[in-house]
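# Structural overview
Single-letter residue listing:
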There are 2 protein chains.
Amino acid sequence: VPPGHDLLLTTDLLTEGIHFDTATASWRDIGYKAAVSNFSDIAAMGGRARHVVVSIALPPDMDQDAVFALYAGLAEACRRAGAVLVGGDTSASRGGLFISLAVTGVVRSGRALRRDGARAGNDLYVTGTLGDAAAGLALLRRSVFVRPAHRHILIGRHLRPSARLDIGQRLVRNRLATAAIDLSDGLSGDVRHVCRASGVGVEIELDALPVSAATRAYAAAAGLRPAELALAGGEDYELLFTARPRHRMALERLAGRGLKITRIGVIRPRAFGLKLRDGGALRPLPLISYEHFRSGRAGQPRGRR
Amino acid sequence: VPPGHDLLLTTDLLTEGIHFDTATASWRDIGYKAAVSNFSDIAAMGGRARHVVVSIALPPDMDQDAVFALYAGLAEACRRAGAVLVGGDTSASRGGLFISLAVTGVVRSGRALRRDGARAGNDLYVTGTLGDAAAGLALLRRSVFVRPAHRHILIGRHLRPSARLDIGQRLVRNRLATAAIDLSDGLSGDVRHVCRASGVGVEIELDALPVSAATRAYAAAAGLRPAELALAGGEDYELLFTARPRHRMALERLAGRGLKITRIGVIRPRAFGLKLRDGGALRPLPLISYEHFRSGRAGQPRGRR
């Protein structure tokens, strides 16, 4: 750990039949995504990823090529994140495959983004577009026609998400965010973690949610409302963060340099509650995050607790 | 990480039916041991344990009391090790229970004990006594009569092992060891990791292996040779280390202060191979470590890879 920096430590577990499904993802994809879901936690703290250890429980029928492919996916994600896989533990499993990673990161001392820093009057932002990964997973499962170009984008967003390490680091460097979290469960679930930790309410503007052309096309074909996909869809691994209104210009400049950043609402006092502005109406924010303890079914989109 | 120190990072995975069995261990014991097996890796590097994150995959039928008990065991082991449980990830499991911990530690810069430092002519040592945990597990499974006092000791060594953090730190502080590993798989398996990493051979004196009175009693009752239990028995979580002969006196003084330290052999050149001196005869060191990929059966003693 360099002088003047804090150490970050995070862990994330993926289990077969709950977090991934070998019917819709290759072993390489699974390894890649296991790593990204951890790097995304480091990104949400504004850190740089450093070292990775991995624990894998292998079912007896898993062949060596599958194990190599899994590690190749892990290694690819580590390389992209600038992290180094330094070791791990492999064991037999009597259930399916389990992969747990732990990742260390570093961030300037005292600057790590947390969930508890949001204040009433802060703006609420997300990076990128929402709902793409959920649409991609749905396309792998159900026969819905969308143009090949859109299909390719959406499935890529599901199988090969990106951790927003760069934007997290820029938020820290420029002291632009008051709180942050990564969107793994889906916006409507993850925003609650920030509100609970910070002791605040929130008002989200439904029409402001950033939805890609590909997800709009999928929603049209599947008969869904795009904004609902954006609210509920998990595993986009975008960042949700809060910032003071005086930083709007700075955030626009930041966004201009690469990834899109969209203002989607405002932090309210706790007594306001969690609300969604849908056209003229204000209604309670629905909890449509997919919770794997409730759904239980293999291959369902699901969140982490 | 304090100035002048290196960061250590380790991970270890326990899976139900492979590493533990709810028929012979309470949830609290299982949580405790999951943490100790990780702290033992830090001990083998001569470090202090600092922070812990835990990933747990819970089967649907696991009740809340069991989860609390598991965490209580984790917390107890963390408290004893002076480590802090800082977070984790909980998920559903469609197989059994899986627990993966990652632990950070610190050690004076450049001083971490490794597996690759053993040199021909070094002495080989172990802490404590060997085979107790294996005897304890056997007692939980089979009906073998030994005195209640011995039974209590052996089962305690199986369910509630200790990580040798203190002795590892003293080896580092006094620069007494050239290489070290913790005994999780069993002596006959773990010594191979040191020999392979260091490019050396080894000669182990069978009669020198430290065996407790309790394990001698179990061996007598079960018709086993105590030294075989000491060679093969996994999960003692004692330290195996190598040291220069000029440090014999210093190591005796170190041992006098608490935990027993026993010289059990000598490191030989690689061409010598791995040998066991049994009375007058020198024979190849048998591999009687329990490998879970081979045994496969639930509840078998097994190692980590």
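## Here's the deal with the pattern of salt bridges
Two side chains carrying opposite charge are able to pair once their charged atoms lie near each other. Residues and elements named next belong to chain A. Evaluated as defined, the whole model comprises 32 salt bridges over all chains. Between Glu76 and Arg28 there is a salt bridge, with the nearest N and O atoms lying 2.8 Å from each other. Taken together, the residues Glu76 in helix α2 (residues 64-81) and Arg28 in helix α1 (residues 27-44) connect sequence positions 48 residues apart. Asp123 is the salt-bridge partner of Arg248, the closest N and O atoms lying 2.7 Å from each other. Here Asp123 lies in strand β5 (residues 123-127) and Arg248 lies in helix α9 (residues 248-256), a separation of 125 residues in the sequence. Taken together, the salt bridges that share partners define one network made up of Arg28, Asp29, Glu76, Arg80 and Arg160.

## Some details on helix α9 (residues 248-256) of chain B
All names here are of chain B. Three or more residues of α9 are buried, namely Ala250, Leu251, Leu254 and Ala255. Down the axis, α9 shows its buried residues gathered within 140 degrees of arc, on one side only. The exposed set on the far side of α9, more than 90 degrees from its buried face, consists of Met249, Glu252, Arg253 and Gly256. Turning to α9, the residues buried within the fold contact β5 (123-127), α5 (165-173), β8 (239-243) and β9 (261-269).

## Here we look at the side chain of Thr127 of chain A
Residues and elements named next belong to chain A. Mapped onto the elements, Thr127 comes out in strand β5. A distance of 2.5 Å separates a polar atom in the side chain of Thr127 from a polar atom in the side chain of Glu238. Here the side chain of Thr127 touches Leu239 through a polar contact of 2.9 Å, landing on its backbone nitrogen. Here Thr127 is in contact with Arg164, Ile167, Glu238, Leu239, Phe241, Leu259, Lys260 and Ile261, once residues within four sequence places are set aside.

## Observations regarding the confidence of the model for chain A
Detailed reading of the predicted coordinates is not advisable wherever pLDDT is low. All names here are of chain A. Predicted confidence across chain A gives a mean pLDDT of 90, with 94% of residues reaching 70 or more. Confidence drops under a pLDDT of 50 for residues 290-305, and excluding neighbours within four residues, the segment shows 52 contacts in the predicted structure. Across the predicted assembly, pTM comes out at 0.82 and ipTM at 0.74.

## Notes on the interface of chain A and chain B
Contact with chain A, which involves 39 residues of that partner, is made by 39 residues of chain B. Summing the contributions of chain A and of chain B, the shared interface buries around 2800 Å²; its carbon and sulfur component is 69%. It is Leu9, Asp89 and Arg94 of chain A that lose the most area in chain A upon contact with chain B, and together they represent 20% of the buried surface on that side. Where chain A meets chain B, there are zero salt bridges. At the surface where chain A touches chain B, the tally comes to nine residue pairs in polar contact (both at pLDDT 80 or more). At the level of secondary structure, the elements contributing two or more residues to the side of chain A that touches chain B comprise β1 (5-15), β2 (48-58), β3 (84-92), β4 (98-108) and α10 (292-295) of chain A. Among the residues forming the side of chain A that touches chain B, the class breakdown is 16 nonpolar, 17 polar and six charged.

What counts, and at which threshold
- Residues numbered from 1 in each chain as written.
- Chains lettered and ligands numbered in written order.
- Predicted model: local features only at pLDDT ≥ 70, side-chain atom pairs only at ≥ 80, totals over all residues.
- Heavy atoms only, no water.
- Salt bridge = Lys/Arg side-chain N within 4 Å of Asp/Glu carboxyl O.
- Helix = DSSP H or I, 4+ residues; strand = E, 2+ residues; numbered from the N terminus.
- Buried < 20%, exposed > 50% of the residue type's maximum accessible area, 1.4 Å probe, protein only.
- Arc of directions from axis to C-beta.
- Contact = heavy atoms within 4.5 Å.
- Polar contact = N/O pair within 3.5 Å; in protein donor to acceptor, adjacent residues only side chain to side chain.
- pLDDT = per-residue confidence, 0-100.
- Buried area = accessible area lost by both parts, 1.4 Å probe.
- Nonpolar A, V, L, I, M, F, W, Y, C, P; charged D, E, K, R; others polar.

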